[in-house]
Amino acid sequence: MRSSNPVFSREGSFTREPGYAGFGTTAQAGGQYGNPYAGTQYAQPQGQGPLTDEQLYQMYNGPSAGPAATGRMTLDDVVARTAMTLLTLVVAGAVAWFVLPFENFGFAIASSLVAMVVGLVISFKRSVSPPLILTYAALQGFAMGAISHAFNTMLNGIVIQAVLGTAAVFAAMLFAYKSGRIRVTARYQRIGIAIAMGFVLLMLVNVIAMAFGADMGLRSGPLGIVVGLVGIGLGAFFLSLDFASIEEAIAQGAPQRESWRAAFGLTLSLVWIYMEMLRLIAILRGDD
């Protein structure tokens, strides 16, 4: 099943790398009925005859090549890269929180726009670039830190509430996915992506309307609560796509470097959920 997640669907992503024992066609390795070890680390040098019984015995009893030896992506790789990306985001957010003046959002807006451009480059780039991913995390973290500081100044404690809410959504989606309560099927993906496209288009229309002084009420009142819940639901949907894509990549023996792409996808989803959670809590606490 090919993923519909744009971060994971680049051509050439999550494919097996040739050269490992047990992969590749026999015709490529040593003829249709040739030496099954030809083209692998156990290949017999040309002209030296077949492998001896002793050599075959040593190969059979030797240790199997693990993910580290074959360079394949593992769940530990994804966890480690995601932790590095989120740590970069949090550190940049802390810098913005303590350094950027509350009244000045110019740097935060600029950082957010540049982060969006970098994110698009990463999404459509065929090869994985860890420096670009960490750069995106730093820029996005800086913008989120400034925005979070502003919200927390107006509504004390809202940031902690949003972080806990985001963690709860992540844990719930992970449990639902691993337990089989959510199955990422083609129909599930089509419906979710269609809703997501409509949501993004509606938000763009709202931003344009606000620029001309009109208020559609999408970020306040009862309608704002509904929009916030839909936004969080879409973030949870993106997480399910991330989980499915990571599971598929590991099963297919994707290269280890693809764990950075997985970390980027998870970071995007968590940032989406956090921002929607922050707005929703702000609406619910508007009368405090």
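To start, this report covers the structure provided alongside it.

The rules behind the values
Residues numbered from 1 in each chain as written. Predicted model: local features only at pLDDT ≥ 70, side-chain atom pairs only at ≥ 80, totals over all residues. Heavy atoms only, no water. Axes fitted to C-alpha atoms, helices over the stretch in contact; angles between N-to-C directions. Helix = DSSP H or I, 4+ residues; strand = E, 2+ residues; numbered from the N terminus. Parallel < 35°, antiparallel > 145°, perpendicular 65-115°, else oblique. Left-handed = near helix turned anticlockwise from the far one by under 90°. Nonpolar A, V, L, I, M, F, W, Y, C, P; charged D, E, K, R; others polar. Buried < 20%, exposed > 50% of the residue type's maximum accessible area, 1.4 Å probe, protein only. Contact = heavy atoms within 4.5 Å. Polar contact = N/O pair within 3.5 Å; in protein donor to acceptor, adjacent residues only side chain to side chain. Expected span 1.5 Å × (residues − 1). Core = buried A, V, L, I, M, F, W, Y, C linked by side-chain atoms within 4.5 Å. Salt bridge = Lys/Arg side-chain N within 4 Å of Asp/Glu carboxyl O. Patch = residues over 30% accessible without salt bridge, like charges linked within 9 Å, V, L, I, M, F, W, Y side chains within 5 Å. Areas by Shrake-Rupley, 256 points an atom, 1.4 Å probe, with all protein chains shown as cover. Phe/Tyr/Trp six-rings, centres within 6.5 Å; stacked < 30°, edge-to-face > 60°.

This paragraph deals with the packing of helix α9 (residues 221-251) against helix α10 (residues 258-284). Packing of α9 against α10 brings their axes to within 9 Å, and their N-to-C directions diverge by 165°. Taken together, the axes of α9 and α10 lie roughly antiparallel to each other. Crossing of α9 over α10 shows left-handed handedness. Residue composition of the contact of α9 with α10, grouped by class: 19 nonpolar, seven polar and two charged.

With respect to the secondary-structure elements, T82 resides in helix α4 (residues 75-99). Classification of T82 as buried rests on a relative accessible area of 10%. When neighbours within four sequence positions are excluded, T82 is seen to be in contact with A263 and L266.

Within the secondary structure, S245 is located in helix α9. Polar side-chain contacts of S245 include one of 2.9 Å to the backbone oxygen of L241.

Between its first and last C-alpha, helix α8 (residues 186-211) extends 38 Å over 26 residues, near the 38 Å set by a 1.5 Å rise per residue. Q189, G192, A196, F199, M203, N206 and A209 are the residues of α8 that are buried. In the core, the buried residues of α8 are packed alongside α9 and α10.

For the rest of this paragraph, the subject is the nonpolar core. Counting 42 residues, the largest nonpolar core has M73, I158, V169, L239 and Y274 as the members making the most contacts within it. Of all the elements in the fold, those that place two or more residues in this core are α4, α6 (130-154), α7 (158-178), α8, α9 and α10. V118, I122, I133 and Y136 belong to the second largest nonpolar core, which has eight residues in total.

Once that is clear, we can look at the pattern of salt bridges. Side chains that carry opposite charge are capable of pairing whenever their charged atoms lie near each other. Throughout the structure, instances matching the rule amount to three salt bridges. Here R81 and D77 are joined by a salt bridge, their closest N and O atoms 3.6 Å apart. In this pair, R81 and D77 both sit in helix α4, four residues apart, roughly one turn of the helix. A residue is classified by how much of its surface remains accessible, and D77, at 10% relative accessible area, is buried.

Moving on, we come to the side chain of E276. One can find E276 in helix α10. Of the polar contacts made by the side chain of E276, one reaches the side chain of R279; its length is 3.2 Å. Those residues within four positions of E276 in sequence are excluded, and the remaining contacts are F199, R219, V227, G228, G231 and I232.

Another point: the environment of Y136. Assignment of secondary structure puts Y136 in helix α6. Each C-alpha atom, one on Y136 and one on S112, is 9.3 Å from the other, the two residues being 24 residues apart in sequence. Residues contacting Y136, with those up to four places away along its chain left out, are A115, V118, G119, I122, F264, T267 and L268.

Together, F105, I109, L113, M116, L120 and F124 make up a nonpolar patch on the protein surface, roughly 610 Å² of accessible area in all. Considering the arrangement of structural elements, one finds L120 in helix α5 (residues 106-124). For L120, a relative accessible area of 47% gives the class partly exposed.

Turning to the packing of aromatic side chains, a few remarks are in order. If you walk through the whole model with that rule in mind, you get seven aromatic pairs. Centroid distance Y177 to F243: 5.9 Å. Interplanar angle 50°. Geometry classified as tilted. Taken as a pair, Y177 in helix α7 and F243 in helix α9 lie far apart in primary sequence, 66 residues in all. Each member of the pair Y177 and F243 is classed as buried. Ring centres of Y188 and F237 lie 5.3 Å apart, and the angle between their planes is 50°; this geometry places the pair in the tilted category. Of this pair, Y188 sits in helix α8 while F237 sits in helix α9; the two residues are 49 residues apart in sequence, bridging distant segments of the chain. For Y188, a relative accessible area of 25% puts it in the partly exposed group. Given a relative accessible area of 6%, F237 falls into the buried group.

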